[in-house]
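A closer look at the structure
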Amino acid sequence: MGLWRDVILRYHTVNKIKQLLVYDCELWRNEEIDRGLDREEIKSVVEDFVRSGHGEWEDAAKTRIKVLWKKPEELASDLYLWAERNGFIGQVCTLYELSAGEDAEGASFEGADDELIRRALKILEDQGQCTIFKGDTSEEDGVKFF
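Where an unreviewed UniProt entry is consulted, the protein chain appears under the name ESCRT-II complex subunit VPS25, with the organism given as Triparma retinervis. According to UniProt, the comment filed for the protein chain under the heading Sequence similarities (unreviewed entry) is "Belongs to the VPS25 family."

Now the structure itself:
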């Protein structure tokens, strides 16, 4: 199962895909060798993926998974390291800048789900490493790193 977790995570991260449609994913079928997973195998793979902490069910029917490119704790660490390396300690930046700004290009959180970034920032805030400010819109919400 570990290999499947790695394949799912790598595929979604590299392609910046934030959602996995459980029974409509090209990863389950290899046309070249005419092989694929059946529904029960798919179910086992995705349930393991969710248990690993890299996915969360989006619906009660368990047909959609929000793919967490990084676990919130990992992302929190990446965000703080990024802030240190890019001179943002003591500075304020918007959540938009974190997910789509120039300084975030190539970072592990570039293009990440806003909710996931917020969860990671909340971890940092609880550790006293940042504070989160409300803006006029969610994209204008800001964070100051300490």
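Here the narrative resumes.
A few points about the sheet that holds strand S4 (residues 55-57)
The antiparallel open sheet is built from 3 strands, whose spatial order is S1-S5-S4. Of all the strands in the sheet, just strand S1 (19-21) and S4 have a single pairing partner and so form its edges. Within this sheet the neighbouring strands show an average axis-to-axis angle of 30°, counted without direction. Pairing geometry for S4 and strand S5 (residues 64-67), over 3 bridges, is antiparallel. Directly across from Gly55, in S5, lies its bridge partner Val67.

Structural notes on helix H2 (residues 39-51)
Because the α-helix completes a turn every 3.6 residues, residues three or four places apart line up on one side. Here H2 contains 13 residues, and its C-alpha end-to-end distance of 18 Å stays within 8% of the 18 Å for a straight helix at 1.5 Å per residue. Ile42, Val45, Val46, Asp48, Phe49 and Val50 are the residues of H2 that are buried. Those residues of H2 that are buried lie in contact with helix H1 (2-14), S1, S4 and S5. The N-cap residue of H2 is Asp38: its side-chain oxygen and the backbone nitrogen of Glu40 are 3.1 Å apart. The first or second residue beyond H2 is Gly53, which carries a positive phi of 95°.

Conventions and cut-offs
- Residues numbered from 1 in each chain as written.
- Predicted model: local features only at pLDDT ≥ 70, side-chain atom pairs only at ≥ 80, totals over all residues.
- Heavy atoms only, no water.
- UniProt positions renumbered as here; feature names shortened; annotations may be inferred.
- Pairing = 2+ DSSP bridges.
- Helix = DSSP H or I, 4+ residues; strand = E, 2+ residues; numbered from the N terminus.
- Axes fitted to C-alpha atoms, helices over the stretch in contact; angles between N-to-C directions.
- Expected span 1.5 Å × (residues − 1).
- Buried < 20%, exposed > 50% of the residue type's maximum accessible area, 1.4 Å probe, protein only.
- Contact = heavy atoms within 4.5 Å.
- Polar contact = N/O pair within 3.5 Å; in protein donor to acceptor, adjacent residues only side chain to side chain.

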